[in-house]
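Each chain, written out:
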Amino acid sequence: MTAKPPFYITTAISYPNGAPHIGHAYEAIATDAIARFHRLDGRDVYFLTGTDEHGQKMLQTARKEGIAVRELADRNAERFREMVAALNCSNDDFIRTSEERHYEASQAIWTRMADNGDIYKDSYNGWYSVRDEAYYQESETELRDDGVRYGPQGTPVEWVEEESYFFRLSDYQDKLLEHYEKHPEFIGPEERRNEVVSFVKRGLRDLSVSRTTFDWGIPVPGDEKHVMYVWVDALTNYITGLGFPDENAPNWRYWPANLHVIGKDIVRFHTVYWPAFLMSAGIPVPERVFAHGFLFNRGEKMSKSVGNVIDPFALVGHYGLDQVRYFFLREVPFGQDGNYSHDAIVNRINADLANDLGNLAQRSLSMIAKNCGGALPDCGELSDADTAMLEQADAMLDACRNAMKTQSVHQALATVWACVAEANRYFAAQEPWVLRKTDPARMGTVLYVTAEVIRQIAILAQPAMPESSARILDILAVPEDARDFANLGVEGRLESGKDLPKPQPVFPRYVDEEKVEGEA
Ligand code: ME8
């Protein structure tokens, strides 16, 4: 057997300065669905997520709450860990940047950049946004009528003047542009790529990479008065997680990452700073960075002061985990901004899940239970309609793979749900309940074809809805080891005569009228 090709995928690591919100949940769910897709498609997947614990934002929040910053980090990192578990994420590890292993990795990459002559000491005078943990050029900021100066993401900036180490980012301008040119797939979606290319073309300045006015961070090797700029250590998490600096570590084989999944607000860090740091340190750069959009609550930005922040735990408790996962993945074209609303989620639950897939499975499998002695009927000669139905199901994998090449998770699900819709039309048109009296053998064939199509739908729905899909595969008696994509198409056809367990409804209708706190 040949070894499975590795696939390393990561989420951004979240600031644990507060509890996780649905933006964090969205990123975790989408990344998990992509990880599961590739795992089912025969890749050796390693999936990392975690928390980004240093920096001024954490420090300020801890001060406001009157607690030690480590206490804040410990408390909220635990909430993030619970969130990914509650979302049924299949991450292989959860990294916290306050861990010892991460200090070692960050100091090692720093030393390599310094040894390469890319780090020098000077002083920084300029604007800094604590909320974004980002330095901005004055031309990127604006002084508004309220007398406050804001950065490009709409967060306030403050003037910083202090001794600082710098990274020679300006030396990497041409190398980065060459990299974007040679590897057009490095940044997705396309519009993000265009933004980055024009940002870099406008010219790069050297980057301040250390701070001296606080000590909540990783000490700069050889000059402990300085702590590293939080983004230097944050980005390094992706290699810490694989055992760096030990390049003989068993997991180092997963590097370079195949995919960093991030939100659109942090593209610059991942596609300008990060590849430059890696080039400087002599480490290969990741294959692709994909930026998803932002989630809004009925078109409004979620904020604590507006009171419309949605708690992911409450959401899952209220609607059900797979329902929430499906909703976000199907509703929001991955890469674009999306809206969350009670009505939209209820509509998806009732139309796509309860009616279209749930009813189809329940009706067809109940007929098998009642009319075929609970065993999968024989598949007789195939009519044109049967053949067309099976061909559509067999063709799903290629279409999904194509969609997933560009992380179009919504597109992959649309392909699967087009087949669900077709299966409903097929079932209605074939009228197996009429055939029961007139032509039982033909009824058997129709039920067989329907069950086989449902099998393939359930296999391909696993990345989005792991638990519910498993329950459908259970009631089709598909063995655990026959649920990956190698079993799609003709290879894995259901076996006639096999006893099926009593079918149980998988997707209940949503009837409760109550809303989740924060919902409009
Ligand atoms: O940026 N909708 O952490 P973070 C969708 N620590 N995604 C959202 C969102 C929303 N409303 N709000 C945030 C950081 N996100 C850094 C990352 S990586 C080395 C360091 C996304 O907690 C955001 O875009 O502010 C980011 O990808 C992730 O959630 C964590 O955001």
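The rules we used
Residues numbered from 1 in each chain as written. Predicted model: local features only at pLDDT ≥ 70, side-chain atom pairs only at ≥ 80, totals over all residues. Helix = DSSP H or I, 4+ residues; strand = E, 2+ residues; numbered from the N terminus. Rg over C-alpha atoms; globule rule 2.2 N^0.38 Å. Contact = placed C-beta atoms within 7 Å. Pairing = 2+ DSSP bridges. Near = placed C-beta within 6 Å. Nonpolar A, V, L, I, M, F, W, Y, C, P; charged D, E, K, R; others polar. Domains from an automatic or database assignment. Buried ≥ 20, exposed ≤ 12 C-beta atoms within 10 Å, placed from the backbone. Right-handed = clockwise from strand over helix to strand, strands pointing away. Axes fitted to C-alpha atoms, helices over the stretch in contact; angles between N-to-C directions. Parallel < 35°, antiparallel > 145°, perpendicular 65-115°, else oblique. Left-handed = near helix turned anticlockwise from the far one by under 90°. pLDDT = per-residue confidence, 0-100. Expected span 1.5 Å × (residues − 1).

A. Examining the overall build of the protein more closely. Regarding its fold elements, the protein presents 17 helices and 17 strands. Here the protein has a C-alpha radius of gyration of 26 Å; the compact-globule value for 520 residues is 24 Å, and the two agree. Its C-alpha atoms put the protein at 90 × 55 × 40 Å along the principal axes. Counting contacts in the protein only where the partners sit at least 6 residues apart, residues at least 24 apart contribute 76% of the total.

B. Focus on the sheet that holds strand β5 (residues 134-136). Read across the sheet, four strands follow the order β5-β4-β8-β10 without closing on themselves; strand pairing throughout is antiparallel. Taken across any chain shown, the strands that pair with only one partner, and hence form the sheet edges, are β5 and β10 (207-208).

C. Representation of the site of the ligand within the structure. Ala12, Ser14, Gly23, Asp52 and Gly263 are the nearest of the 19 residues found near the ligand. Where the shell around the ligand is concerned, the elements lending two or more residues are α1 (22-40), α7 (230-240) and β14 (259-263). Here the shell around the ligand takes four residues from α1, the largest share from any one element. Per-class residue counts for the shell around the ligand are 11 nonpolar, five polar and three charged.

D. Spatial organisation of the domain arrangement of the protein. For the protein, the domain assignment lists domain 1 (6-118 + 168-292), domain 2 (120-164) and domain 3 (352-499). Spacing between the C-alpha centres of domain 1 and domain 2 amounts to 22 Å. Contacts between domain 1 and domain 2 engage 12 residues on the former and nine residues on the latter. Secondary-structure elements contributing two or more residues to the side of domain 1 that touches domain 2 are α2 (56-65), β11 (210-211) and α7. If one sorts the elements of the side of domain 1 that touches domain 2 by residue count, α2 sits on top with three residues.

E. Expanded view of the pairing of β14. Of all five residues that make up β14, four are buried, and the element is covered over most of its length. Pairing analysis gives two bridges linking strand β1 (residues 6-10) to β14, with the strands arranged parallel. Bridging across to β14, Thr10 finds its partner in His260. Pairing of β14 with strand β15 (residues 289-292), which is carried by four bridges, proceeds in the parallel orientation. From the neighbouring strand, Gly263 faces β15, where its bridge partner is His292. In terms of handedness, the path from β14 via helix α8 (residues 267-281) over to β15 forms a crossover that is right-handed.

F. The arrangement of unusual backbone geometry in detail. Looking along the chain, the bond that leaves Gly188 and enters Pro189 is cis, with omega of -10°. Examined against the element boundaries, Pro189 turns out to sit in the loop between β9 (187-188) and α6 (190-201). The linkage connecting Trp255 with the following residue, Pro256, adopts the cis geometry, with an omega of 0°. Tracing the sequence through the fold places Pro256 in the loop between α7 and β14. The backbone phi angle of Asn88 is positive, close to 60°, even though this residue is not glycine. By the secondary structure assignment, Asn88 is in the loop between α3 (69-86) and β3 (93-96).

G. View of the environment of Tyr8. The residue Tyr8 is located in strand β1 in this model. Separated by 79 residues in sequence, Tyr8 and Leu87 have C-alpha atoms that sit 20 Å apart. With near-sequence residues (within four places) excluded, Tyr8 lies in contact with Tyr46, Tyr254, Trp255, Ala257 and Asn258.

H. Broad picture of the packing of helix α4 (residues 100-115) against α7. Axis separation between α4 and α7 bottoms out at 9 Å; the angle between their running directions is 105°. Here α7 runs roughly perpendicular to α4, going by the angle between their axes. In this structure, α4 uses Arg101, His102, Ala105, Ser106, Ile109 and Trp110 to contact α7, whose residues at the interface are Val232, Asp233, Thr236, Asn237, Ile239 and Thr240.

I. Structural context of the sheet that holds strand β2 (residues 44-51). Read from one edge to the other, the open sheet built from six strands follows the order β3-β2-β1-β14-β15-β9, with strand pairing classed as parallel. Of all strands in the sheet, those bounded by a partner on one side alone are β3 and β9. α1 rests against β1, β2, β14 and β15 of the sheet, and its axis sits at about 160° to β14.

J. Highlighting the packing of helix α14 (residues 409-430) against helix α16 (residues 440-461). Remark: α14 packs on α16, axes separated minimally by 10 Å, with the N-to-C direction vectors making an angle of 165°. Classified by the angle their axes make, α14 and α16 are roughly antiparallel. Handedness of the crossing formed by α14 with α16: left-handed. Counted together, Val416, Cys419, Val420, Ala423, Phe427 and Gln430 of α14 and Val446, Thr450, Val453, Ile457, Leu460 and Ala461 of α16 form the full contact between these two elements. Residues belonging to the contact of α14 with α16 are distributed by class as follows: 10 nonpolar, two polar and no charged.

K. Broad picture of the environment of Glu140. On the secondary structure map, Glu140 appears in the loop between β5 and β6 (142-143). Distance in space between the C-alpha atoms of Glu140 and Ala281 is 29 Å, their sequence separation being 141 residues. Ignoring sequence-local partners within four residues, the contact set of Glu140 consists of Gly151 and Pro152.

L. Representation of the environment of Asp386 in the model. The residue Asp386 is located in helix α12 (residues 384-394) in this model. Classification of Asp386 as buried rests on a count of 22 C-beta atoms within 10 Å. Counting along the chain gives 226 residues from Asp386 to Val160, while the straight-line C-alpha distance between them is 70 Å. Each residue touching Asp386, except ones within four places of it in the same chain, is listed here: Thr445 and Val449.

M. Examining the confidence of the model for the protein more closely. For the protein, per-residue confidence averages 96 on the pLDDT scale, and residues scoring 70 or more make up 99% of the total. Put simply, strand β16 (residues 295-297) is where the protein has its lowest mean pLDDT, 87, and β1 is where it has its highest, 99. Interface confidence for the predicted complex, given as ipTM, is 0.99, next to a pTM of 0.97.

N. Highlighting α16. When the terminal C-alpha atoms of α16 are compared, their 31 Å separation across 22 residues agrees well with the 32 Å that a helix rising 1.5 Å per residue should span. Along α16, 19 of the 22 residues are buried, which leaves the element largely enclosed by surrounding structure.

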